[in-house]
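# Coordinate inspection notes
Each chain, letter by letter, is given below.
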Amino acid sequence: MIILGIDTSCDETSVGITSDLRVLSNVVSSQVRFHQKFGGVVPFLAQRLHKERIDQVVELALRRTNLTWKRIDAIAVTQGPGLAPALEVGIQKAKELALAYKKPLYAVNHMAGHLTSCFLQVGSRSVSPPLYPILALLVSGGHTELVINSKPGHYQIIGQTLDDALGEAYDKVAKMLGLGYPGGKLIAKLAEEGNPKAFSLPIPLQHRKDLNFSYSGLKNAVRLLVYDLKNGHHDIILRQSEIQDVAAVFQDVALDSALLKVKRALEEYPEVKFLLLAGGVAANTVLRKKIRKVCKEKNVSLKVPSNLKLCTDNAAMIAGAAFLGIQARQQPEKPQIIDRKPGWTIEEASLS
Ligand code: KG4
Ligand code: ZN
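On a predicted model such as this, the values are computed, not experimentally measured, just so you know. (Residues numbered from 1 in each chain as written. Chains lettered and ligands numbered in written order. Predicted model: local features only at pLDDT ≥ 70, side-chain atom pairs only at ≥ 80, totals over all residues. Heavy atoms only, no water.)

Ideal values for angles at a metal depend on the geometry: 109.5 degrees with four tetrahedral donors, 90 or 180 degrees with six octahedral donors. At 2.0 to 2.1 Å from the zinc ion (ligand 2) lie its protein donor atoms, namely His110 (NE2), His114 (NE2) and Asp313 (OD). In this structure, the zinc ion (ligand 2) is surrounded by four donor atoms whose angles at the metal cover 92 to 140°, and the resulting shape is irregular. Donor residues binding the zinc ion (ligand 2) come from one chain and are separated in sequence as H-x3-H-x198-D. Here the residue His110 and the residue His114 both occupy positions in helix α4 (residues 110–116), the gap between them amounting to four residues, near one helical turn. Neither residue differs from the other here; His110 and His114 are each classed as buried. (Donors = N, O, S within 2.8 Å, 3.2 Å for Na, K, Ca; no water. Tetrahedral: all angles 85-135°; square planar, octahedral: opposite > 155°, others 65-115°. Helix = DSSP H or I, 4+ residues; strand = E, 2+ residues; numbered from the N terminus. Buried < 20%, exposed > 50% of the residue type's maximum accessible area, 1.4 Å probe, protein only.)

Here is the structure:
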C-alpha cells in the first residue's frame, strides 16, 4: 500500500511516501535557522513558513519516487500533538489533496509516528517486524514517555515527564551555556570532551517507585552550577573545559534517570521482549549505548530507527504509522471535518 504522509507539527515541513513500511521518499524542509535567533520555535512563524513550503515539499516527495497521484492509495497527516498553527497547515493541505485526488485520509498521532519510525525500512536493508507487546521510550523535544504497545494501534502510557521533556532540557541547558538552538546535538558533542563526574548532581526522581520522569529540577541544578562557576557574574564567559564538563554532567544525569525508569518498566512488564527507542533524542549515541547495555542485562531486543533522519521529525514515520493503523482496521477521516488536536496523547489515539 502506498501512502503519502504529511507532518507539520513543529518546525519541519515534511512529506514522506512509503510502500507498506518501506520509505520511498522522505523530504524534510527544516525551519531551524529561522527560529534560531528567537532561541526556540515561534508558532506563527512556523505556520507562515509551512504555508510557503508545503506545495514544493509535496511535489518534491512525489518526484523523488517517480510516482503519479494515481499510484497513491491514501493520504496520512499528523493531527496532533504539536503546535496548533503549525498542525493546521498540514491538515489543510491533506484535506485539499484527499478531496482533489479522491484518496482516503488518515489521521496519525505524531508520537505513534515516532514509535513506528523504528520499523521503517530504508533502501534494501530489511527490518524485522514488530513483536508485541512492545515497550517504547519516546524522547523528543516535546515528549518523554514510556509506552506499552500491546498490539497494533493500542498504546498505554505507563510513565511520562511531570514537567520538561528530555529534549527540551537539552535545549534549555544549551541556552544557559550560550550555545545555539536546538541544543541536543551541541550538548552531546561538547559532552564527548567533558568529564561526567566533574560535579555531582542528584538523579531526578531516583527514589520514586513510579515510571515518571522529571527534568526541570535538573535544569535548575545546572542553572545554579553555571551561576556558581561564574561566581554570580552573568557576564563572565565560562572556559571551554567548564562548558564541556557541565554538558557531560547534565547529559550523564539526565540519561541515567531515563535509564532507571526503563529498567524499572522492564521489571514491571516482564512479558516485554522488545524495546523501541525513538524521537529526536534517540539520535544520541550515549543514550543508545547505555540503553543497549540495559537491554543486554534484561535479555530484551533493542530497536532504534535505521538512520538519524528517522529519529527527528519526518513524515515517512506518519505514513508508516497510518499503514500499521490501516492493517489494524483504522477508519479514514471525513476530510470536511478533520481538525487539529494539539494535545492529543498517543494513548488517546488508540484504536477502539
Ligand atoms: O523528535 P524531534 O525532532 O521533535 C519533536 O517532536 O520534539 O526532537 C527534537 C529534540 C530537540 O529537543 C533536540 O535538541 C533533540 O531532539 N536532539 C537531541 C539530539 N539530536 C536531537 N538530543 C540529544 N542528543 C542528540 N544527539
Ligand atoms: Zn517529534
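Read on for the rest.
With that settled, consider the environment of Val226. For Val226, the position within the fold is in helix α7 (residues 216–229). Linking Val226 and Val246, residues 20 residues apart in sequence, is a C-alpha distance of 7.8 Å. Val226 has contacts with Met176, Leu177, Leu238 and Val246, leaving out every residue within four places of it along the chain. (Contact = heavy atoms within 4.5 Å.)

Residue position: Lys219 is located in helix α7. Assessed through its relative accessible area of 10%, Lys219 is described here as buried. With sequence-adjacent residues up to four places away left out, Lys219 is seen in contact with Asp164, Lys172 and Met176.

A separate point is the pairing of strand β3 (residues 22–30). Strand direction decides the pairing type here: strand β2 (residues 12–19) and β3, joined by eight bridges, are antiparallel. The residue of β3 that forms the bridge with Val15 is Val27. What sits between the antiparallel neighbours β2 and β3 is a turn of two residues, in which Asp20 has the positive phi angle 55°. Pairing of β3 with strand β6 (residues 121–122) involves two bridges; the strand directions are parallel. Residue pairing in the sheet places Val23 in a bridge with Val122 of β6. (Pairing = 2+ DSSP bridges.)

Before going further, it helps to examine the site of ligand 1. Looking at ligand 1, there are 18 residues lining it, with Gly141, Asp171, Gly184, Gly280 and Asn284 nearest. Contact between ligand 1 and Gly184: an oxygen atom at 2.9 Å from a main-chain N or O atom of the residue. One of the backbone N or O atoms of Gly280 is found 3.0 Å from an oxygen atom in ligand 1. When isolated, ligand 1 has an accessible area of 560 Å², and the protein chains bury 88% of it. Every element with two or more residues in the shell around ligand 1 is listed here: α4, α5 (166–176) and α6 (184–191). Of all the elements, α5 adds the most residues to the shell around ligand 1, at three residues. By residue class, the composition of the shell around ligand 1 is four nonpolar, 11 polar and three charged. (Near = heavy atom within 4 Å. Polar contact = N/O pair within 3.5 Å; in protein donor to acceptor, adjacent residues only side chain to side chain. Areas by Shrake-Rupley, 256 points an atom, 1.4 Å probe, with all protein chains shown as cover. Nonpolar A, V, L, I, M, F, W, Y, C, P; charged D, E, K, R; others polar.)

Taking strand neighbours across the sheet as the criterion, the five strands line up as β9-β8-β7-β10-β11 in an open arrangement whose pairing is mixed. Since the sheet does not close on itself, it has two edges, and those belong to β9 (154–160) and β11 (301–303), each with one partner. The average undirected angle you get between the axes of adjacent strands in this sheet is 25°. (Axes fitted to C-alpha atoms, helices over the stretch in contact; angles between N-to-C directions.)

Applying the stated rule across the entire model yields 17 salt bridges. One salt bridge in this structure joins Lys93 and Asp55, with 2.7 Å as the shortest N-O distance. Note that Lys93 is positioned in helix α3 (residues 84–101) and Asp55 in helix α2 (residues 43–65), a separation of 38 residues in sequence. Using a relative accessible area of 10% as the deciding quantity, one classes Lys93 as buried. Between Asp164 and Lys172 there is a salt bridge; the shortest N-O distance is 3.6 Å. Residue class for Lys172 comes out partly exposed when judged on its relative accessible area of 30%. Where salt bridges share partners, they join Asp164, Glu168, Lys172 and Lys219 into one cluster. (Salt bridge = Lys/Arg side-chain N within 4 Å of Asp/Glu carboxyl O.)

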